[in-house]
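Coordinate inspection notes
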Amino acid sequence: MNIPNVNLPNVNHLIHAYRVAPWRVQRQWIGNALLVVVVFAMVAALYLNVTSRTAIAGREIQDLTDAIAASQQVSSDLQTQLAGLTSAASMEKRAREMGFRPVEPGELEYLVVPGYVAKDAVDLSSSAQPQLNVLTIPPEYNQSLLDWVDERLVTRRYQ
Amino acid sequence: MRQQYGRRSQVLAGALAFFALAIVVQMTRIQNSPEADIFRQLSKDYAYEWRTFYPNRGEIYDRNGRLLAGEKIVYEVGVDLTIMTDPHAISFAVSDALDMDYNQLMEVIQNPPEGISYIVLADYIEASQANYLQDLKKALNEQAPEGSMGGLTGLQFKSHPQRSYPENALASNILGFVNREGRGYFGVEEKYDSLLAGNPVTVLVPTDPNKAFEIPNAPNGTTLVLTINRDLQAAAEDILDTALGTYGAQDGIIAIMDPKSGEMLAIATSRRMDLNEFWNYDAVYDNATEFNPVISKTYEPGSVMKILTMAAALDSGTVTPETTYLDTGEILIGGVTIQNWDRNPWGVQNMVGCLQHSLNICMVNLSTQMGANTFYNYMDAFGFGHLTGVDLAWEAPGRLKVPGDADWYPVDLGTNAFGQGVAVTPLQMMSAVSAVANNGRMVIPHVLYAMVRDGRQYEVPDQFGTTPISEQTADTLSEMLAISLEDESSEALVPGYRVAGKTGTAQIPVDGYYDSSQTNTSFIGWGPVDDPQFMIYVWLERPTESPWGSETAAPVFSEMAQRAVILLDIPPDAIRQQLAKK
């Protein structure tokens, strides 16, 4: 295979001239400047986006806090209305209107129910009261990317 | 061409740089302008706002989960003067709906205090009235011509909770009430005010949504579960009201307690008020002791005191049930002659007969045989002259005069033995007699069963007082009292259930002298004797049908006990003992 006869100093000179051409330097500067502007714009847009979403979420929290308070009040109000409808006087009146009367001691029959234990008093404990706290929030919602990477590395190290 | 392009670029860059610099300069100028401080102050003013949070006051339930005190929504009606369009329409609508004076409303709206943009026209408005006004405002807005607002624009409604009692007057003497400032008066509401209170909190709240987490949390008050049984309370009040009419009594009480734990199951009093209209307090009561006389009103208990004199005599070894004495019908003590209730001699009597016939001479004999020291030591141990510790506001300690007091006389040793010359509350009597029903140990009466906070219920343990008498004394005396009722065929007996108890008839001191025509009649009893599950105290004040406890309070006790065994699911003795054997 024949290698063409090339004048190498001339080629190097041309490449150097191309690299140092003023328009090319200018274009590099402009490109770099534009890159900085674009990066800043992207960061600003991201910041603006996150901030606006945070603000919306905060406003929703405020609204929900008010809604919870209002719901609690409504719930208490309805509970009180219900208690009024089932008060001793109301129930007795309704029972009498329906033809009931107080039982006489001689009309009672006591039965043994094996295993039955009469309850002493009411238990108003809430069996399930889900409380959203730091421990119950999934890590996806409160873990940064670096935290996640760190956790992965630590997990891999101990596997 | 290239040079021209380069120059244009430089000019453009210069122009842009100048424009950017101009923006920076302008920003700096605005930041430091005289108006900047005003804007900064405005931003500070709007950064936070004063807001009032109305946490719910803790609810009150009976032992079966029936709501006795809760919250309902009421409204504050006000006017936003900055957006108000028609003061006449607002004044007219509000005056019509809330029955207020039109001219007064106009005056308030048109001449507001300096710098005020919101005026409260009325507060604690019922939901129905507020809803009517809200509907009217909405209708006027809809009917208003295009581009204009309705006549009630500016009328505003703010909801907030208010204490409400769904049972109205039921158990009013136990619950007490809450005024509009949120302060509890009497009963549970006053005693546990700080625990129940979810008082409104006015705080600075950030308007910046990024600071939403700074919104303060105003916790609701603690919910209370009482030992009271609502149905038993209703039955007790019903029976008491009937008894007042039947026996012509001026006032009265029926209190029911579990003698083994001190839990108060019902406390009925003749004077009750609708707690939703607490402003009528003055119309119902003459003084504070009348709100709950069971704990606040002292009186001379009469013969029910003989239970405790006999308990002291048996426990100190002064007598046994078989000890006899000769009843001559009168006895001299401290220069004063004491007589039996019927002024007759009863001959030779043992201690069961002494209780059965309620003989004063017997009691004077016992107290003098014991001596003042022993007798008063026992009475002190039974808690007379001391608070019982019940968790209700306005308890009175009563008064037991003892030797050494300026107003104690030797005759008091005799009269105190049968319940005259001593001031006690009905609850003190119950607490003292609980020692007899509860194997010698006194209970501390209480109405709080449990507290509920953050979804968890915390039960309050029962508390006990001293043990003034031995278990053997208590058992012996219970048996003596049961036999005395059975032998007498007392009207207090409860078919199917063995009960122990004692009547009381006490003359009422009027202007320093006992008036034989005016008496306090009472009965204290408990059952079933072998496993006491209820103790009932009946007190009728100045009955006109009969002056005797055996003819007034005793039958009321029986009726109450018959209702109580049904409502408390207590089978008759025969069935219960049969079940126990299985």
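Just so you know, these numbers come straight off a predicted model, no measurement behind them. (Residues numbered from 1 in each chain as written. Chains lettered and ligands numbered in written order. Predicted model: local features only at pLDDT ≥ 70, side-chain atom pairs only at ≥ 80, totals over all residues.)

Brief notes about the overall build of chain A
Within chain A one finds four helices and zero strands. Secondary structure elements of chain A occur, N-terminal to C-terminal, as α-α-α-α. For chain A, with 159 residues in total, the buried portion stands at 4%. (Helix = DSSP H or I, 4+ residues; strand = E, 2+ residues; numbered from the N terminus. Buried ≥ 20, exposed ≤ 12 C-beta atoms within 10 Å, placed from the backbone.)

Looking at the overall build of chain B
Secondary structure summary: chain B contains 20 helices and 20 strands in total. Computed over C-alpha atoms, the radius of gyration of chain B comes to 36 Å, more than 25% over the 25 Å expected from 2.2 N^0.38 for 582 residues, which places it beyond the range of a compact globule. Reported as C-alpha extents along the three principal axes, the dimensions of chain B are approximately 145 × 60 × 55 Å. Burial status across chain B gives 45% buried among its 582 residues. Partitioning the contacts of chain B with sequence separation of at least 6, the portion at a separation of at least 24 is 71%. (Rg over C-alpha atoms; globule rule 2.2 N^0.38 Å. Contact = placed C-beta atoms within 7 Å.)

Details of the interface of chain A and chain B
At the junction of the two partners, chain A supplies 31 residues and chain B supplies 38 residues. Considering only residue class, the side of chain A that touches chain B consists of 14 nonpolar, 14 polar and three charged. (Nonpolar A, V, L, I, M, F, W, Y, C, P; charged D, E, K, R; others polar.)

Describing helix 5 (residues 127-143) of chain B
Note on helix geometry: an α-helix contains 3.6 residues per turn, so any two residues three or four positions apart are oriented the same way. Residue and element names in this part refer to chain B. Helix length check: helix 5 (17 residues) gives 24 Å between terminal C-alpha atoms against 24 Å at 1.5 Å per residue, within 8%. Residues of helix 5 that are buried include every one of Ala 130, Leu 133 and Lys 137, and no others. Down the axis of helix 5, the buried set is contained in an arc of 65 degrees. They therefore lie on one face. Among the exposed residues of helix 5, those pointing more than 90 degrees away from its buried face are Ser 128, Asp 135, Lys 138, Ala 139, Glu 142 and Gln 143. On the buried face of helix 5, the contacting elements are strand 3 (67-80), helix 3 (87-98), strand 4 (118-125) and strand 5 (155-164). (Expected span 1.5 Å × (residues − 1). Arc of directions from axis to C-beta.)

Some thoughts on the nonpolar core
Residues and elements named next belong to chain B. Ile 254, Ala 255, Ile 256, Val 499, Ile 536 and Val 538 are the most contacted members of the largest nonpolar core, which totals 133 residues. Broken down by element, this core gets its largest block of residues, nine residues, from helix 19 (residues 553-567). Setting aside chain neighbours within four positions, we find Ile 256 in contact with Leu 232, Ala 236, Leu 265, Ala 266, Phe 534, Ile 536 and Ala 564. Membership of the second largest hydrophobic core comes to 16 residues, among which are Ile 73, Val 79, Leu 152 and Leu 155. (Core = buried A, V, L, I, M, F, W, Y, C linked by C-beta atoms within 7 Å.)

Here we look at the packing of helix 12 (residues 306-315) of chain B against helix 18 (residues 471-488) of chain B
All names here are of chain B. Running from amino to carboxyl end, helix 12 crosses helix 18 at an angle of 135 degrees, the nearest separation of the two axes being 10 Å. Judged on the interaxial angle alone, helix 18 and helix 12 are oblique. Regarding helix 12 and helix 18, the two cross each other, and that crossing is right-handed. On helix 18, the residues that touch Ile 307, Met 310, Ala 311, Leu 314 and Asp 315 of helix 12 are Thr 473, Thr 476, Leu 477 and Leu 481. The residue inventory of the contact of helix 12 with helix 18, partitioned by class, reads six nonpolar, two polar and one charged. (Axes fitted to C-alpha atoms, helices over the stretch in contact; angles between N-to-C directions. Parallel < 35°, antiparallel > 145°, perpendicular 65-115°, else oblique. Left-handed = near helix turned anticlockwise from the far one by under 90°.)

Comments concerning the pairing of strand 17 (residues 456-459) of chain B
Residue and element names in this part refer to chain B. Direction of pairing for strand 16 (residues 448-453) relative to strand 17: antiparallel, over a ladder of four bridges. The residue of strand 17 that forms the bridge with Met 451 is Tyr 458. Hairpin connection between strand 16 and strand 17: a loop of two residues separates the two successive antiparallel strands, and Asp 454 in this loop has a positive phi of roughly 55 degrees. (Pairing = 2+ DSSP bridges.)

Concerning unusual backbone geometry
Residues and elements named next belong to chain B. Pro 528 follows Gly 527 through a cis peptide bond whose omega is -20 degrees. Examined against the element boundaries, Pro 528 turns out to sit in the loop between strand 19 (513-527) and strand 20 (534-541). The residue Ser 358 is not glycine, and still its phi comes out positive at about 50 degrees. In this fold, Ser 358 is placed in the loop between helix 13 (351-356) and helix 14 (360-370). The backbone phi angle of Asp 454 is positive, close to 55 degrees, even though this residue is not glycine. Asp 454 gets classed as exposed once you count the C-beta atoms within 10 Å, which come to 11.

Focus: the environment of Leu 366 of chain B
Residues and elements named next belong to chain B. Tracing the sequence through the fold places Leu 366 in helix 14. Separated by 171 residues in the primary sequence, Leu 366 and Tyr 537 have C-alpha atoms spaced 25 Å apart. In this structure, Leu 366 is in contact with Thr 309, Met 310, Ala 313, Thr 318, Val 319 and Ala 417, ignoring residues within four places of it in sequence.

Structural notes on the confidence of the model for chain B
Scored by pLDDT, chain B comes out at a mean of 91, with 99% of its residues at no less than 70. Interface confidence for the predicted complex, expressed as ipTM, amounts to 0.82; the pTM equals 0.83. (pLDDT = per-residue confidence, 0-100.)

Overview of the domain arrangement of chain B
On domain assignment, one finds that chain B holds domain 1 (73-164) and domain 2 (230-581). The distance between the C-alpha centroids of domain 1 of chain B and domain 2 of chain B comes to 58 Å. (Domains from an automatic or database assignment.)

With respect to the environment of Asn 438 of chain B
All names here are of chain B. Within the secondary structure, Asn 438 is located in the loop between helix 17 (426-437) and strand 16. By C-beta crowding, Asn 438 is classed as buried, having 24 other C-beta atoms within 10 Å. Spatially, the C-alpha atoms of Asn 438 and Asn 173 are 27 Å apart, while their sequence positions differ by 265 residues. Ignoring sequence-local partners within four residues, the contact set of Asn 438 consists of Pro 259, Lys 260 and Val 443.

Brief notes about the sheet that holds strand 19 of chain B
Residue and element names in this part refer to chain B. Ordered in space as 11-10-20-19-18, the five strands form an open sheet in which the pairing is antiparallel. The outermost strands of the open sheet, each flanked by one partner alone, are strand 11 (264-269) and strand 18 (500-510). Ignoring which end each strand starts from, the neighbouring axes of this sheet average 10 degrees apart. Both strand 18 and strand 19 contribute to a ladder of 11 bridges, which runs antiparallel. When the bridges of strand 19 are listed, Thr 503 appears paired with Phe 523.

Looking at the confidence of the model for chain A
Residue and element names in this part refer to chain A. On average, residues of chain A score 82 in pLDDT, and 83% of them are at 70 or above. The element-level mean pLDDT for chain A is lowest in helix 1 (residues 8-19), coming to 78, with helix 3 (residues 88-97) highest at 95. Segment residues 131-135 is flagged for pLDDT under 50; beyond a separation of four residues in sequence, or across chains, it makes one contact in the model.

Notes on the environment of Trp 408 of chain B
All names here are of chain B. As for its position among the elements, Trp 408 is in the loop between helix 15 (372-381) and helix 16 (410-417). Assessed through the 17 C-beta atoms surrounding it within 10 Å, Trp 408 is described here as partly exposed. Sequence separation between Trp 408 and Phe 375 is 33 residues; the distance between their C-alpha atoms is 14 Å. Apart from residues no more than four positions distant in its own chain, Trp 408 is found in contact with Lys 401, Val 402 and Pro 403.

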